[in-house]
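# Chains, contacts and geometry: an overview
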Amino acid sequence: MINTIPIHYYIFLSAILFIIGAVGVMARRNAIIIFMCIELMLNAVNLLLAAFATLHNDSSGQIFVFFIMAVAAAEVAVGLAILSMIYRNIKSIDVDLLSRLKE
Amino acid sequence: MKALFIISGLGILAMLAEIFKFKRALYPLVLIGILAALVANFTEFNNNESIQAFNNMIRFDNVALAFSSVILITAFLWFILANDYFTNETSLTDHFSLVLFALTGALMLTAFSNMTTLFLGIEILSIPLYVLAASKKNDVKSNEAGFKYLIMGSFASAFLLFGIALIYGATGTFDLLAIRAKISEGMPLFFYAGIIMMLIAMCFKVSAAPFHFWAPDVYHGSPTVIMALMSTVVKTAAFVAFMRLFLVGFGSATSVWAMAMAGIIALSLIISNMTAAAQSSVKRMLAYSSISHAAFMLMGILAVNPIYSMRAILYYALAYSVATIGGFTVLYRVEKQSGNTYDDFNGLAKRNPFAALGMLICMLSLAGIPVTAGFFAKYFIFTALIGSTYKWLLVLAVIMSCVGVYYYIKVIIAMYFKKPTHQEPLLIEKSHTLLLAIAVVLVLVLGLLPNFVLSV
């Protein structure tokens, strides 16, 4: 498959996904959507790694994808825990309300 | 290598303490464990052979052992500082294991030789810290600090990973030495994009401008002892990672990243020192000053001098960590009594002469006044950089050091020359007095015998 689709297509696709995710993190105000955008960025990386692993015929790239998935799951678990704690305190998950530290 | 096993084993043991009910014994156990890890480090030192593990993904050479010893010494001092952070019965074991796991990540970062261990080390270091930053559950400021740290941390990790993926695509390997060997063969354009993305991610992690905006907020909102941990142990670990990555991995592609790094250093120096001078809270001032110290350590990396860079950064990290821990000891007690603004330090010399003297020496060291360790730290960084093409940075760094002297001296003036706003004396418990004494002695000994560390 990788022989028919040039590697540049994969690079551009994951770069576009990554940029959409990065813009989302900066522009969106809902904390859950920010988490989703970070996941999108990480999945862009996963796609790129899997494509390169096939290109080089080397399995270490695919193993790395597993590491990323495991770590991303841990990160989101911690993130959602912090988020539910914030919700308990201010009854909202809008990040604009989180500006008490900007004095 | 043994240190890594001891610290991670201690972390697991700390979690078991909840089940097997030996919570009381945990604190001395952790202190003994860290000392044991330090001893293990010294026995492995200078064996002429680096210790490799996990299919050559971790390599404990002398550089790694020296830096992990600095991290362990700082962690030991930090545990003395943070003794009352570990008093809440319900969350005691969690806090211990989180800090110990963060330390495990820090030790991994000193010795990685593969992109996989770099990524895992950074995440093992960061994820416990997100929790620790938010560990004051009912304080919205602490929640906000943890949340911001998490978002910014994972954002930076995504950049790091994209950089790793691009570099893997160009070279077909994750191994640092193999990447270094391949650079000379000529690389596609996206390889250089990968280096720049990793540079951005690492600057996020060490909080260098213009990627520093999260740091003051996170530092300010976190509990003070956790801020002390973040600005010493975590910063040192992130710098070793930065140094290994760019000197070992990308050392032969300096033309790509050196210019960008020089710009980042110049920006960090100007922004951090100017903003630090305008702060009214000592805690926030220390947060900005830690960005300025990050810029100084980056200058060591920019020198790309295999011997001097490493030694200069090692000495700087040790001098900075010890003086910061000393400063935080006093700040922590003052904050507990009244608050963390400059006014709360007024007349400290009368309220507690010893604490004021300790703070004086730590501040002088951070400002880089001669005889203290901070002066030689800056001196070694400057000598490492003087041979390179970036001499204009030295001029800027010296000017900004003068601005730095202003805001450190402001603390000293408040302590010695202002009338106390609070009359009651500042009480410091015995362990903290001892810690402050150790920090002051270390700062002076390092300043008087700078070659002691450099001979390593």
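Glancing now at empty space enclosed by the protein. Rolled over the atoms, a probe with the dimensions of a water molecule shows which regions are left empty. Residue and element names in this part refer to chain B. In the structure shown here, the tally under the stated rule is six cavities of 30 Å³ or more. Here the largest cavity defines a volume of roughly 220 Å³. Contributing to the lining of the largest cavity are 22 residues, with Tyr149, Lys205, Val206, Trp214 and Val234 lying nearest its centre. Of all the secondary-structure elements, those providing two or more residues to the lining of the largest cavity are α5 (115-133), α6 (140-171), α8 (189-206), α9 (214-221) and α10 (224-249).

Residues and elements named next belong to chain B. Taken as a whole, this structure holds ten salt bridges over all chains when the rule is applied. Ionic pairing is found between Arg244 and Asp61, a salt bridge with its closest N-O pair at 3.5 Å. One end of the pair, Arg244, is in helix α10; the other, Asp61, is in the loop between β2 (58-60) and α3 (62-81), and 183 residues separate them in sequence. Between Lys336 and Asp84 there is a salt bridge, with the nearest N and O atoms lying 2.5 Å from each other. Of the two residues, Lys336 sits in helix α13 (residues 308-337) while Asp84 sits in the loop between α3 and α4 (92-111), which places them 252 residues apart along the sequence. The structure contains a network of salt bridges with shared partners spanning Glu144, Lys148, Asp217 and Arg284.

Turning our attention to a nonpolar patch on the surface. All names here are of chain B. Together, Val371, Val441, Leu444, Val445, Leu448 and Leu449 make up an exposed nonpolar region whose accessible area comes to about 520 Å². Secondary-structure assignment places Leu444 in helix α18 (residues 430-448). A relative accessible area of 31% means that Leu444 is categorised as partly exposed.

Rules behind the numbers
Residues numbered from 1 in each chain as written. Chains lettered and ligands numbered in written order. Predicted model: local features only at pLDDT ≥ 70, side-chain atom pairs only at ≥ 80, totals over all residues. Heavy atoms only, no water. 1 Å grid on protein atoms, 1.4 Å probe; cavity = no way out; pocket = protein on both sides within 12 Å on 5 of 7 lines; lining within 4 Å. Points joined across faces, edges and corners; volume = space filled by probe spheres on them. Helix = DSSP H or I, 4+ residues; strand = E, 2+ residues; numbered from the N terminus. Salt bridge = Lys/Arg side-chain N within 4 Å of Asp/Glu carboxyl O. Patch = residues over 30% accessible without salt bridge, like charges linked within 9 Å, V, L, I, M, F, W, Y side chains within 5 Å. Areas by Shrake-Rupley, 256 points an atom, 1.4 Å probe, with all protein chains shown as cover. Buried < 20%, exposed > 50% of the residue type's maximum accessible area, 1.4 Å probe, protein only.

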